[in-house]
Amino acid sequence: MAITSPRAALKRAELAGRLGCNLETIRYYEKIGLLPDPARTASGHRLYSNGDQVRLRFILRARSLGFSVEDVRSLLGINDGRPSCAEVSALAEAHRGDIRKRIADLRQMDRRLGEIMAGCTGAETPDCALTDKLFEDR
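Here the structure is a predicted model, which means the values were calculated and not measured.

**As for the domain arrangement of the chain**
Once the domains are mapped, the chain shows domain 1 (7–74) and domain 2 (84–119). Put simply, the middle of domain 1 and the middle of domain 2, counted by C-alpha atoms, are 30 Å apart. Facing the four residues of domain 1 at the interface are four residues of domain 2. Interface area for domain 1 against domain 2, summed over the two sides, is near 350 Å², with a carbon-plus-sulfur share of 69%. At the boundary of domain 1 with domain 2, the tally comes to one residue pair in polar contact (both at pLDDT 80 or more). In terms of residue class, the side of domain 1 that touches domain 2 is built from two nonpolar, one polar and one charged.

**Quick look at the layout of surface pockets**
Considering only enclosed or pocket space, the largest pocket measures out at about 210 Å³ in volume. When residues of the lining of the largest pocket are traced back to their parent elements, those giving at least two are α4 (69–76) and α5 (85–118). Of the residues in the lining of the largest pocket, the class split is six nonpolar, one polar and one charged. By volume, the second largest pocket is sized at about 160 Å³. Taken together, Arg73, Ser74, Leu75, Gly77, Asn79, Asp80, Gly81, Arg82, Pro83, Glu87, Val88 and Leu91 form the lining of the second largest pocket. Partitioned by chemical class, the residues of the lining of the second largest pocket number four nonpolar, four polar and four charged.

**Examining the UniProt feature "domain: HTH merR-type" (unreviewed entry) in the chain**
UniProt records the feature "domain: HTH merR-type" (unreviewed entry) at residues 14–78, using the numbering of this structure. Annotated as 58% helix and 6% strand, the span residues 14–78 places its first and last C-alpha atoms 26 Å apart.

**As for helix α2 (residues 23–31)**
For α2, the set of buried residues is Ile26, Tyr29 and Glu30. Buried residues in α2, looked at end-on, bunch into an arc of 105 degrees, giving them a common side. Buried-residue contacts for α2 involve α1 (12–19), β2 (46–47) and α3 (50–64). For α2, the capping residue at the N-terminal end is Asn22, with a side-chain oxygen 2.7 Å from the backbone nitrogen of Glu24. Trailing α2 by a residue or two, Gly33 shows a phi angle of about 90 degrees, which is positive.

Analysis parameters
- Residues numbered from 1 in each chain as written.
- Predicted model: local features only at pLDDT ≥ 70, side-chain atom pairs only at ≥ 80, totals over all residues.
- Heavy atoms only, no water.
- Domains from an automatic or database assignment.
- Contact = heavy atoms within 4.5 Å.
- Buried area = accessible area lost by both parts, 1.4 Å probe.
- Polar contact = N/O pair within 3.5 Å; in protein donor to acceptor, adjacent residues only side chain to side chain.
- Nonpolar A, V, L, I, M, F, W, Y, C, P; charged D, E, K, R; others polar.
- 1 Å grid on protein atoms, 1.4 Å probe; cavity = no way out; pocket = protein on both sides within 12 Å on 5 of 7 lines; lining within 4 Å.
- Points joined across faces, edges and corners; volume = space filled by probe spheres on them.
- Helix = DSSP H or I, 4+ residues; strand = E, 2+ residues; numbered from the N terminus.
- UniProt positions renumbered as here; feature names shortened; annotations may be inferred.
- Buried < 20%, exposed > 50% of the residue type's maximum accessible area, 1.4 Å probe, protein only.
- Arc of directions from axis to C-beta.

The following block contains the structure:
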């Protein structure tokens, strides 16, 4: 794939800067196939098209919402073609359920830790309610 106009493309560092991600993130997404191999200049510099920028923005946004790499792959339709809205909705609903479960687990951990910490005096002694609980044999 050749790019004829240098204004039509960005180098990797420019793309990373524009989208606020790390250079290594772009390399990783290329390596695992979420981003296609970019065009190259005659001297071998990678050039990313507007389409590459749009695709990377999509990937970054999906990942920021906690979608797994495999979920992103499905959302992009890499394996089976573009998914239907129903398929996307089902994937998002399952992901949302996972998020809610993690939130519930975190709330439970927070409550339990708070209960244990309530017995902690904060004194400068080796006796500590928190470490005692962690060593406790149930």
